[in-house]
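Coordinates in review
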Amino acid sequence: MKSSKIAGLGFYVPEKVVTNQDLTAFVNTTNEWIVERTGVRQRHYFDPEKGETNFGFAVKASEIALQRAGLTPQDIDLIVYATLSPDYYFPGSGVLLQRAMDFRNIAAIDLRAQCSGFIYALSVADQFIKTGMYKHVLVVGSEIHSSGLDYSDHGRHVAVIFGDGAGAVVLSATDEPGKGILSTHLHSEGKYAEELAVIYPKSSAKNRNPIEELQPGGGFYPVMNGQYVFKHAVTRMPEAIMEALEANNYKPEDIDILVPHQANIRITQAVQQRLGLPDEKVVSNIQNYGNTTAASIPIALCEAWEAGRIKEGDLVCLCSFGSGFTWASALIRW
Ligand code: UT7
């Protein structure tokens, strides 16, 4: 069987930077609260006046990834696009990316696994490559959160965390033994679906778009039982990492770099502590981008790679936890 390796990677965040101080103009919050509870110092927001879109961010990230892989859109056999904030309710953003970059008439799969979206998408891409069906797959995570947050007191604990952006990787078939994606591990536990969710537009409601749900605290905005989600995250992420290590006969100390989903710096620190990893082995960039959900892992992975923190032969571990609940891990020999 073939295996798949990351042949190119890229990310893009919109120009507009919103600091914690900027947020205090329209959110009842402080820089101190946000930094202490989450680690976030600034995030990037899209600018509707510039016509910025979710798939537009994906285009920019994908162009970089393709160029670094030495490929053109014509070489790509499949798009797997993870997002919880698609441009349209339907069709998915994958087809908008397919149109925008002039790909062949290849399949474009939109994937909904929230913060685990990127690892789920990577896993889907990996299966198509391993079976020999496709040679080059574009995997994207892209989000625009800022237009859908509840900036009132109902939603301020959620609103201050999130940011916009996109990351992309090109996954390519390789014959090199022991290289590339070693394994992926995906999980969900739907009994907690409503602990972190956006309920509307709700197809099973008599009126899918009720105006009262647009009020602060309403169902069109994300709700999160923050402490509950936090507790599950710090348990499930180390569990998923250990699962990946054990599946490949490795121990935590064998990890060269851990790229966790950037949900909260305190979650990252708790995971790091559980595994006994030193700071230099753990990627943390939530300070600059906030939580970008499906984009957070590819952005962090790409930044770490650009900074020379990931070298040929390194053992790279990805892990995530988020709405669903969903959680996942991937182990990669770079
Ligand atoms: O990526 C998907 C997965 N998501 C996560 O993993 C997130 C997990 N959860 C968290 O990271 C944290 O729970 C939050 C950062 C979301 C919230 O932190 P917390 O320590 O759980 O705060 P809290 O919501 O329990 O609120 C504590 C206090 C409350 O005041 P009282 O009742 O103690 O007087 C809130 O009203 O902080 C208040 N508060 C705020 N104050 C200033 C809540 N949000 C804010 C705010 N600014 N933005």
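Worth saying up front: this structure is predicted, and the values here are computed from it rather than measured.

Bringing the packing of helix α7 (residues 226-247) against helix α8 (residues 265-275) into the picture now. Their axes nearest at 9 Å, the elements α7 and α8 cross at an angle of 40°. In terms of orientation, α7 and α8 fall into the oblique class. Between α7 and α8 lies a crossing of right-handed hand. Here α7 contributes Phe-230, Ala-233, Val-234, Thr-235, Met-237, Pro-238, Ile-241 and Met-242 to the contact with α8, which in turn contributes Arg-266, Ile-267, Ala-270, Val-271, Arg-274 and Leu-275. Its residues assigned to classes, the contact of α7 with α8 shows eleven nonpolar, one polar and two charged.

Once that is clear, we can look at the site of the ligand. In the neighbourhood of the ligand, 23 residues make up the surrounding shell, with Thr-29, Arg-37, Gln-227, Asn-264 and Asn-291 lying closest. Between the ligand and Trp-33, the relevant distance is 3.0 Å, taken from an oxygen atom to a side-chain nitrogen or oxygen of the residue. One of the side-chain nitrogen or oxygen atoms of Arg-37 is found 2.7 Å away from an oxygen atom of the ligand. In isolation the ligand has 950 Å² of accessible area, and contact with the protein removes 74% of it. Where the shell around the ligand is concerned, the elements lending two or more residues are α2 (31-38), α6 (156-159), α7 and α8. Residues belonging to the shell around the ligand are distributed by class as follows: eleven nonpolar, nine polar and three charged. If you count residues domain by domain, the shell around the ligand takes at least three from each of domain 1 (3-177) and domain 2 (181-333).

As for its position among the elements, Gln-98 is in helix α4 (residues 93-100). At 3.0 Å, the side chain of Gln-98 and the backbone oxygen of Arg-104 are in polar contact. Discounting residues that sit within four places of it in the chain, Gln-98 has contacts with Ile-79, Phe-103, Arg-104, Asn-105 and Ile-106.

A separate point is the packing of helix α3 (residues 54-69) against α4. At a minimum axis distance of 9 Å, the contact between α3 and α4 shows a crossing angle of 55°. Between α3 and α4, the angle is such that the two are oblique. Judged by the sense of rotation from one axis to the other, the crossing of α3 with α4 is right-handed. Along the contact surface, α3 presents Asn-54, Phe-55, Ala-58, Val-59 and Ser-62, while α4 presents Ser-93, Leu-96, Leu-97 and Ala-100. Taken together, the residues that form the contact of α3 with α4 break down as six nonpolar, three polar and no charged.

Before going further, it helps to spend a moment on the domain arrangement of the protein. The domain boundaries assigned to the protein delineate domain 1 (3-177) and domain 2 (181-333). A straight line from the C-alpha centre of domain 1 to that of domain 2 covers 14 Å. Counting from both sides, the interface comprises 51 residues of domain 1 and, opposite them, 49 residues of domain 2. Between domain 1 and domain 2, the buried area comes to about 4000 Å², and carbon and sulfur atoms account for 66% of it. The largest per-residue losses of area from domain 1 upon contact with domain 2 belong to Phe-11, Cys-115 and Ile-119, which jointly make up 17% of the total buried on that side. For the interface between domain 1 and domain 2, the tally reads one salt bridge. Between Glu-306 and Arg-68 there is a salt bridge; the shortest N-O distance is 3.0 Å. Our count for the domain 1 to domain 2 interface comes out at 22 residue pairs in polar contact (both at pLDDT 80 or more). Secondary-structure elements contributing two or more residues to the side of domain 1 that touches domain 2 are β1 (3-12), α2, β3 (42-44), α5 (117-130), β6 (136-143), α6 and β7 (165-174). Tallying contributions element by element places α5 first for the side of domain 1 that touches domain 2, with seven residues. Taken together, the residues of the side of domain 1 that touches domain 2 sort by class into 21 nonpolar, 21 polar and nine charged.

About the thresholds
- Residues numbered from 1 in each chain as written.
- Predicted model: local features only at pLDDT ≥ 70, side-chain atom pairs only at ≥ 80, totals over all residues.
- Heavy atoms only, no water.
- Axes fitted to C-alpha atoms, helices over the stretch in contact; angles between N-to-C directions.
- Helix = DSSP H or I, 4+ residues; strand = E, 2+ residues; numbered from the N terminus.
- Parallel < 35°, antiparallel > 145°, perpendicular 65-115°, else oblique.
- Left-handed = near helix turned anticlockwise from the far one by under 90°.
- Contact = heavy atoms within 4.5 Å.
- Nonpolar A, V, L, I, M, F, W, Y, C, P; charged D, E, K, R; others polar.
- Near = heavy atom within 4 Å.
- Polar contact = N/O pair within 3.5 Å; in protein donor to acceptor, adjacent residues only side chain to side chain.
- Areas by Shrake-Rupley, 256 points an atom, 1.4 Å probe, with all protein chains shown as cover.
- Domains from an automatic or database assignment.
- Buried area = accessible area lost by both parts, 1.4 Å probe.
- Salt bridge = Lys/Arg side-chain N within 4 Å of Asp/Glu carboxyl O.

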